[in-house]
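Residue-level structure breakdown
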Amino acid sequence: MEGGGEDYKAFVALHGPALRASAIPERYWGRLLHKLHREIFDAGEMFGIMQVEEVEEDEEDDEEMQEELKKKPNPGNELCYKVIVTNENGLRANDPNSIFLIDHAWTYRIEHARQQLLQVPGLLHRMANLMGIEFHGEVPDEGSVELVLEEMWKYNQTYQLSQGTAEEKVPVWYIMDEFGSRIQHSDNPSFATAPLFYMPQQIAYTVLWPLRDLETGEEVTRDFAYGEMDQLVRKCVLLPWVPADVLDVSSSTPEPSEEHYQAILEGNKEKLPVGISPPAYPKGHVFRVYTDLQQVLNNLNHPRFQFTTTEAEADILYNFSHFKDYRKFSEERPHVMLNQFPCENLLTVKDCLASISRRAGGPEGPQWLPRTFNLRTELPQFISYFQQRERRGEDNHWICKPWNLARSLDTHVTNSLRNIIRLRESAPKVVSKYIESPVLFHREDVGMVKFDIRYVVLLRSVRPLRLYAYDVFWLRFSNRAFALNDLDDYEKHFTVMNYDPDVPLKQVHYDEFIPLFEKQYPEYPWQSVQADIFKAFTELFQAATAKPAPLGVCDYPSSRAVYAIDLMLKWDHAPPDGKKVMQPQILEVNFNPDCERACRAQRQSDLPGALGTQKLDADGACLLVTGARGCSPGRPGRVRSRVPSLPANIGGCFVL
């Protein structure tokens, strides 16, 4: 099992990358395999848990400590535990056997935590005991569940599977058993820990190993802010265990430096194109299209397009996978048109979207984007802003989102600072101000619910900026009446319901929605609301294209791209008279969006050109474009550019 045997070689081949990434010394790998294979939990032979009472010598410090204890869920019986070395021979770091497995008491995904505490026999009782929360009786009660859901962020650890579906890659959270959870923090730790998913058993463990020799009676500690070298960031990361304020830190978040964008370009392994002239084709040319998107194959049926299975002979590449080497395309095949722009991730990745939007609204961001912080690079600024709002008594509900996931996956609403700080450990995230006063829609079967709106836009060119918006929009609704409570109630706080067959899906067509909306809000005609929405789109794309690549979306004449913009409306007050207004709030911009509903709507339309677009010029002016085939240039309400008529539907839309 150990040494150079076949089992060991297979173990290293399968788990070696994870072991190296966790910096587990190779001298331990053989015994680790042995303990994993035989499920040996021998930490009890080396360590013991000791209950201690800490008394501060300084009376003033003692008073401060007592004030902190009053805030605890169980201040009357505050217990402190330590793990110490109890083996009479101590522990030697060079001993290959000095590696230990820690079991996990609870493994879950955040959206299932409440349900499991209420339904899994004995779980709430065990978690309450582990966290020092009083819980009496056999029947779970909501009060105890709430306390565990708040306190668990002091004990949570996380890992993420690298393979599987998007749902399977959502971070997993776990709480170590009573032994592992008693290990305390130290800035100079004596041990290190790391999660390890043992694939033969499909079980995750925490691995514990020493960083130095320890004698009998010495404490086992680990660094809760492992890897954070910046002292201010360490202070912020440790805030869930060591309360502190950072009010002296400015909450201003100016746009990042040029080096930041250059690093993103290099991280994405994108190569920018060389300058080219716009591709020219003879009138009536039939374009050969190569695509890996079934939706395009099913719906692109305009006679000026035909499909090819040979990429090398295509005039248009319409791919779901990301293009990387634009330089090669520009040098070898500059005439080939692509359905993506270089550096478009500045729009479609949430941290980049927030960064470039500051060009339109300054360090605080524009009015059409919720206040957003990058939790990887702007954690101190966020905590300062949170604490300032807390001190002023302002609403402090926030929504945590991964940089680059859609469909509300791994997205959480909370008003807990401790929760937000810990969430950043699972994957790169932004945190945005949760819209506490959304414009609601009355559903007769439910009441006043949240809704969001999706517009499909097409970026025709960067220089000059030519952007088209499909004036058929799509709506998504929550299933429960909105209120700022039950923050883990998905059907109350989220609108994406179309990926779970067991969840009701409310659908309202746009032309049904508009009169209903205007009936509910007669002082807010939809035409005016939509004008504000399109103004926000214009300002966003102006900001995204204001600077050359990699600081902005790249001007590449052979690129065209379709995006979906999701937004909500919130109540705000406009200066100078404080009039109540509906302010668009852009939530995200989606790359290569699912346009099945748009395609289906076009197929069901009997009238050519019944579905239109809006052209948003660079100066923000809106010109209605009908989208009818065979339009004459220059006529009112018709295309007034060199853009030919649209293909049969937006699913295969490629304005030339």
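Please read all numbers here as calculations on a predicted model, not as lab measurements. (Residues numbered from 1 in each chain as written. Predicted model: local features only at pLDDT ≥ 70, side-chain atom pairs only at ≥ 80, totals over all residues. Heavy atoms only, no water.)

Right, let's talk about the overall build of the chain for a bit. Check the secondary structure of the chain and you find 19 helices and 27 strands. Each of the 656 residues in the chain was classed as buried or not, and the buried ones make up 52%. Look at the contacts in the chain between residues 6 or more apart in sequence, and 68% of them connect residues 24 or more apart. Looking at the chain as shown, the accessible area adds up to about 30900 Å², and 49% of this sits on carbon and sulfur atoms. (Helix = DSSP H or I, 4+ residues; strand = E, 2+ residues; numbered from the N terminus. Buried < 20%, exposed > 50% of the residue type's maximum accessible area, 1.4 Å probe, protein only. Contact = heavy atoms within 4.5 Å. Areas by Shrake-Rupley, 256 points an atom, 1.4 Å probe, with all protein chains shown as cover.)

To continue, consider the sheet that holds strand β1 (residues 47–52). Sheet architecture is open: four strands sit in the order β1-β2-β10-β7, paired in mixed fashion. The sheet is open, and its two edges are formed by β1 and β7 (184–185), each paired on a single side. Bridge analysis of β7 against strand β10 (residues 219–222) gives two bridges, and the strand direction is parallel. The partner of Q184 across the bridge, within β10, is T221. (Pairing = 2+ DSSP bridges.)

Turning our eyes to something else, we now look at the side chain of R389. Residue placement: R389 occurs in helix α14 (residues 379–392). Those residues within four positions of R389 in sequence are excluded, and the remaining contacts are E394, D395, N396, W398 and K433.

Glancing now at the nonpolar core. As a rule of thumb, soluble globular proteins bury nonpolar side chains together. Counting 82 residues, the largest nonpolar core has F451, F513, F517, W526, F541 and L569 as the members making the most contacts within it. Aside from chain neighbours lying at most four places away, what touches F451 is V439, L440, F441, L475, R476, F477, T495, F513, F517, M568 and L569. Grouped together as the second largest cluster of nonpolar side chains are 45 residues, A113, A128, I133 and C236 included. (Core = buried A, V, L, I, M, F, W, Y, C linked by side-chain atoms within 4.5 Å.)

A few words on the sheet that holds strand β8 (residues 191–198). In spatial order, the strands read β3-β9-β8; together these three strands make up an open sheet with antiparallel pairing. Each of the sheet's edge strands pairs with one partner strand only, and the pair in question is β3 (100–102) and β8. On average, each strand axis in the sheet is tilted by 35° relative to the strand beside it, whichever way the strands run. Sheet topology places β3 next to strand β9 (residues 203–210); three bridges connect them, and they run antiparallel. Within the sheet, the bridge partner assigned to I102 lies in β9 and is T206. Together, β3, β8 and β9 form the strand contacts of helix α2 (residues 29–38), whose direction differs from that of β8 by roughly 50°. (Axes fitted to C-alpha atoms, helices over the stretch in contact; angles between N-to-C directions.)

A few words now on helix α18 (residues 526–544). Here α18 contains 19 residues, and its C-alpha end-to-end distance of 27 Å stays within 8% of the 27 Å for a straight helix at 1.5 Å per residue. Within α18, the full set of buried residues consists of W526, V529, Q530, I533, F534, A536, F537, T538, L540, F541, A543 and A544. (Expected span 1.5 Å × (residues − 1).)

So, on to the packing of helix α1 (residues 6–21) against α2. α2 packs onto α1 with a crossing angle of 105° between their chain directions and a minimal axis gap of 11 Å. Regarding the angle of α1 to α2, the classification is roughly perpendicular. Where α1 abuts α2, its residues D7, Y8, F11, V12, G16, L19 and R20 lie against W29, G30, L32, L33 and L36. (Parallel < 35°, antiparallel > 145°, perpendicular 65-115°, else oblique.)

It is worth spelling out the packing of aromatic side chains at this point. Using the criterion set out here, one finds 43 aromatic pairs in the structure. The ring of Y81 carries R182 above its face, with NZ or CZ at 3.9 Å from the centroid. It is K580 that lies over the ring of W571; its NZ or CZ is 4.3 Å from the centre. (Phe/Tyr/Trp six-rings, centres within 6.5 Å; stacked < 30°, edge-to-face > 60°. Lys NZ or Arg CZ within 6 Å of the ring centre and 35° of its normal.)

With that settled, the discussion passes to the environment of C236. Positionally, C236 belongs in helix α8 (residues 231–237). When the C-alpha positions of C236 and I383 are compared, they lie 7.6 Å apart, and in sequence the two are 147 residues distant. Excluding its chain neighbours within four sequence positions, the residues that come into contact with C236 are V246, L379, P380, I383 and I421.

On the secondary structure map, P515 appears in helix α17 (residues 510–520). Look at P515 and you get partly exposed, because its relative accessible area is 47%. Sequence separation between P515 and P525 is 10 residues; the distance between their C-alpha atoms is 9.2 Å.

Let us look at the pairing of strand β23 (residues 474–477). Here β23 shows two buried faces, one formed by W474 and R476 and the other by L475 and F477. Here strand β21 (residues 451–461) runs beside β23; their pairing, made up of four bridges, is antiparallel. Counted as the bridge partner of F451 is F477 from β23.

One can find Q585 in strand β25 (residues 579–591). Under the relative-accessibility criterion, Q585 is labelled buried at 2%. At 2.6 Å, the side chain of Q585 and the backbone oxygen of Q367 are in polar contact. Ignoring any residue separated from it by four or fewer positions in sequence, one finds Q585 in contact with Q367, W368, L369, P370, I435, D566, L567, M568 and K570. (Polar contact = N/O pair within 3.5 Å; in protein donor to acceptor, adjacent residues only side chain to side chain.)

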